[in-house]
Amino acid sequence: MRVGIVCPYTWDVPGGVKQHIDDLAQALIAQEHEVSVIAPAADDDELPPYVTGAGRAIPVPYNGSVARMSFGFLSAARVRRWVRTGGFDVLHIHEPLIPSLGVLACWAAKGPIVATFHASFSRSRAIAVAEPLLRSALEKLSGRIAVSDAARKSLVEQFGGDTVLIPNGVTVARYTEAEPLDGWGPDGATLGFLGRMDEERKGLPILLDAFRTLAAERPGVKLLIAGPGDEKDVFERVPKELRDRVTVLGMVSEADKIRAYHSVDVFVAPNTRGESFGIVLAEAMASGATVLASDIPAFRKVLGDGQAGALFANRDPASLAREAAALLDAPERRAKLAAEALVAVRKYDWSTVARDVVRVYETVTTSGAGRVEEDL
Amino acid sequence: MTSTMIVLIVGILVVLTAVYISWRAGRLDRLHIRLELAQESLGAALMRRRAVVLELAGSRLLDPATSLVLAAAAHEARSAGPEEREHAESDLSRALRAVADQERFREKLSESPGGRALLEELDGAVAKVVYSRRFYNNAVSVTRAAQDRWLARTLRLAGYTEYPQFFEIDDNPPAAMATE
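What you see is a predicted model; the values in this text were computed from it and never measured.

A. Layout of the sheet that holds strand β11 (residues 190-194) of chain A. All names here are of chain A. Spatially, β13-β12-β11-β14-β15-β16 is the arrangement adopted by the six strands of the open sheet, whose pairing is parallel. Each having just a single partner strand, β13 (246-250) and β16 (310-312) make up the two edges of the open sheet. In this sheet, neighbouring strand axes are inclined to one another by 25° on average, regardless of whether the strands run parallel or antiparallel. Here strand β14 (residues 266-269) runs beside strand β15 (residues 290-294); their pairing, made up of four bridges, is parallel. For F267, the partnering residue across the bridge sits in β15 and is V291. On the sheet, helix α12 (residues 317-328) packs against β11, β14, β15 and β16 and is oriented at approximately 155° with respect to β16.

Have a look at this one:
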């Protein structure tokens, strides 16, 4: 199948949507589809062979933040040419509500068009003003995909209709091999946490409370924390005498994040709610870490009811401390859970996710639908 | 104001109205085409699911009772008239869940020769029913909204096309196949 993918955000800046598109494109190429991505990029940027630049991105304030996007005559003309010469069986637009290449592609093309919605948005004035315009663009979509329940909900509330849900994937192979961080390594006594430190639903306070109990009983136990937020919040919750056993890395690079997963014996995911799909959990599983997670429905499902990782009672530090202690005392059980996790996480690998996306493509490209053409 | 000017202004207004109406009509026409395609692909997905289930039932990879449950449900769905179709397809989904959610169903099936390929086909067929039905119902709601507009109703822009109906079935996949 020949697939044209439209990326709204500039290619040289890392970001969730761009990463999603790159992973999807590579997974599709691995399954022997032909893929061409168009993204905002300057002409002298270095791009992978499957990416076409649509002109330099301009930083603009939109919907409460500044994003680097492409628009204007030049970009519109380039998108149009790309659509005309691409010979695509299906066009896959990401974030068609963002005033960037997605909207331009919606205008320039007709035929089988699929869109993926990433962000959840609130009823903003910008969207209210642009609604008739966006609505006519949305009318051209034969299939709509949301990556999360939140994204699906805001789309349906604002514009009606329905979407299918295909969550983000994890490129498992990227996580399986890595060196532990310098001075760290699974030593039978290291717990790990990754996520926003100041967000209540990520559950770090519960882990810190459990750590207090655990550390008082076990002199060797250490805690490694990575993620954005203020480390003061963390240390305020830990008694003075235990502070040297808690290390806060703060924001880490993608590479260091993977190394961090490889540096711990038990990776703890104490999230209290939400998390339609725990991407962090899946990454830890792909890294071969032993996972201990709260028993919220989403995690219970990913961990196969405790087959691929241990569970503790949600919001209960005592239960967390008990389960963590049991895991630290049982290296064989840890190894068995980690091995099961590597099998279970395959379901969330990009190859599986890409297969579902291809099913969407096949659904909208039935015999009568024709190919993607320029809409004059 | 001279009479020529009045004629000119009226003329411009008439042209603008005509352009607007024809744009609206074109847009509605496009929605109808999209709806037809979505309906086609929904029909194809349902047909494919019935065919794969029948193949599984006839494959001799399952025990006779399970085969019978599947074959009966697929046959009912195939022979249902337009009135019973939604019921029969929902029953097929339920039968499929009852079968595929048995313990070790997937493992056992994928161990037998040809079973893995059949299982993959079944996964695909089940997912495509979910996808195509969502897309079809989405097309229905968009088309309905366009048909319900004042202009479209007054000028009968939809012509003699029927008012589109949602297709409501239970298409929840078996737990082990669910991607959502």
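B. Broad picture of the packing of helix α14 (residues 350-364) of chain A against helix α5 (residues 115-147) of chain B. In contact at an axis separation of 9 Å, α14 of chain A and α5 of chain B are set at 55° when each is read in the N-to-C sense. With respect to their mutual orientation, α14 of chain A and α5 of chain B come out oblique. In terms of crossing hand, the pair formed by α14 of chain A and α5 of chain B is right-handed. Contacts between α14 of chain A and α5 of chain B involve D356, R359, V360, E362, T363 and V364 of chain A from the first element and G124, A127, K128, Y131, S132 and F135 of chain B from the second. Its residues assigned to classes, the contact of α14 of chain A with α5 of chain B shows five nonpolar, three polar and four charged.

C. Highlighting the domain arrangement of chain A. Residues and elements named next belong to chain A. When the domains of chain A are assigned, the result is domain 1 (2-169 + 351-369) and domain 2 (172-348). For domain 1 and domain 2, the distance between their C-alpha centres works out to 34 Å. Contacts between the two partners involve six residues from domain 1 and, on the opposite side, six residues from domain 2. When the residues that make up the side of domain 1 that touches domain 2 are grouped by side-chain class, the tally is one nonpolar, four polar and one charged.

Rules of the game
Residues numbered from 1 in each chain as written. Chains lettered and ligands numbered in written order. Predicted model: local features only at pLDDT ≥ 70, side-chain atom pairs only at ≥ 80, totals over all residues. Pairing = 2+ DSSP bridges. Helix = DSSP H or I, 4+ residues; strand = E, 2+ residues; numbered from the N terminus. Axes fitted to C-alpha atoms, helices over the stretch in contact; angles between N-to-C directions. Contact = placed C-beta atoms within 7 Å. Parallel < 35°, antiparallel > 145°, perpendicular 65-115°, else oblique. Left-handed = near helix turned anticlockwise from the far one by under 90°. Nonpolar A, V, L, I, M, F, W, Y, C, P; charged D, E, K, R; others polar. Domains from an automatic or database assignment.

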